[in-house]
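Each chain, written out:
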Amino acid sequence: MTHDFAAQRRDTYAAWDDVSGGADLPDAADIDYAFVPEEGADWDAAEAALSEAGYDCARTPDEDGTDYLAASLPDQPLTAMAIWLGEETATRAVLPHGFKPDGWGFMG
């Protein structure tokens, strides 16, 4: 199955609109992207691809204790476009290794 980047982009921009509407946000923040493994995912290859692209990576447990791959870009402009560009790049890096995107967040 081919990944639908257009739908992912729409979802990212819609989520940004929900988060930013009327909020007093910083100009820059650390942006975090979450990727969930599919069966047979290659964690090491995904982490290496993300690291090569400039992301900080960590295997992180969710609230159920299931690990996901967190990829972070420090001190990024806090805009929908910046979030999307980082998300698209990271998604393209991990898709071949059995991971799919599962959202983003930020800390100022």
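Residues numbered from 1 in each chain as written. Predicted model: local features only at pLDDT ≥ 70, side-chain atom pairs only at ≥ 80, totals over all residues. Heavy atoms only, no water.

With that settled, consider helix α2 (residues 43-52). Burial in α2 covers these residues: Trp 43, Ala 46, Glu 47 and Leu 50. The buried residues of α2 occupy an angular sector of 95° when the element is viewed end-on, so they sit on one face. Residues of α2 that are exposed and point more than 90 degrees away from the buried face comprise Asp 44 and Glu 52. Close packing links the buried residues of α2 with β1 (28-37), β2 (56-61), β3 (67-77), α3 (80-94) and β4 (99-107). At the N-terminal end of α2, a side-chain oxygen is found 3.3 Å from the backbone nitrogen of Asp 44, two or three residues along, and the residue is Asp 42. One or two steps after α2, the chain reaches Gly 54, where phi turns positive at roughly 100°. (Buried < 20%, exposed > 50% of the residue type's maximum accessible area, 1.4 Å probe, protein only. Helix = DSSP H or I, 4+ residues; strand = E, 2+ residues; numbered from the N terminus. Arc of directions from axis to C-beta. Contact = heavy atoms within 4.5 Å. Polar contact = N/O pair within 3.5 Å; in protein donor to acceptor, adjacent residues only side chain to side chain.)

Here the focus is the sheet that holds β4. One open sheet accounts for 4 strands, arranged β2-β3-β1-β4; its pairing is antiparallel. Two strands bound the open sheet, and with one partner strand each, they are β2 and β4. When the angles between neighbouring strand axes are averaged without regard to direction, this sheet yields 30°. Bridge count between β1 and β3: 7 bridges; the pairing is antiparallel. In the sheet register, Phe 35 faces β3, and the bridge partner there is Leu 69. Docked against the sheet, α3 engages β1, β3 and β4, running at close to 30° with respect to β1. (Pairing = 2+ DSSP bridges. Axes fitted to C-alpha atoms, helices over the stretch in contact; angles between N-to-C directions.)

What follows concerns unusual backbone geometry. One non-glycine residue, Asp 75, lies in the positive phi region at around 50°. Take Asp 75: it is sitting in strand β3.

Note that all results are geometric; they support no functional claim without further evidence.
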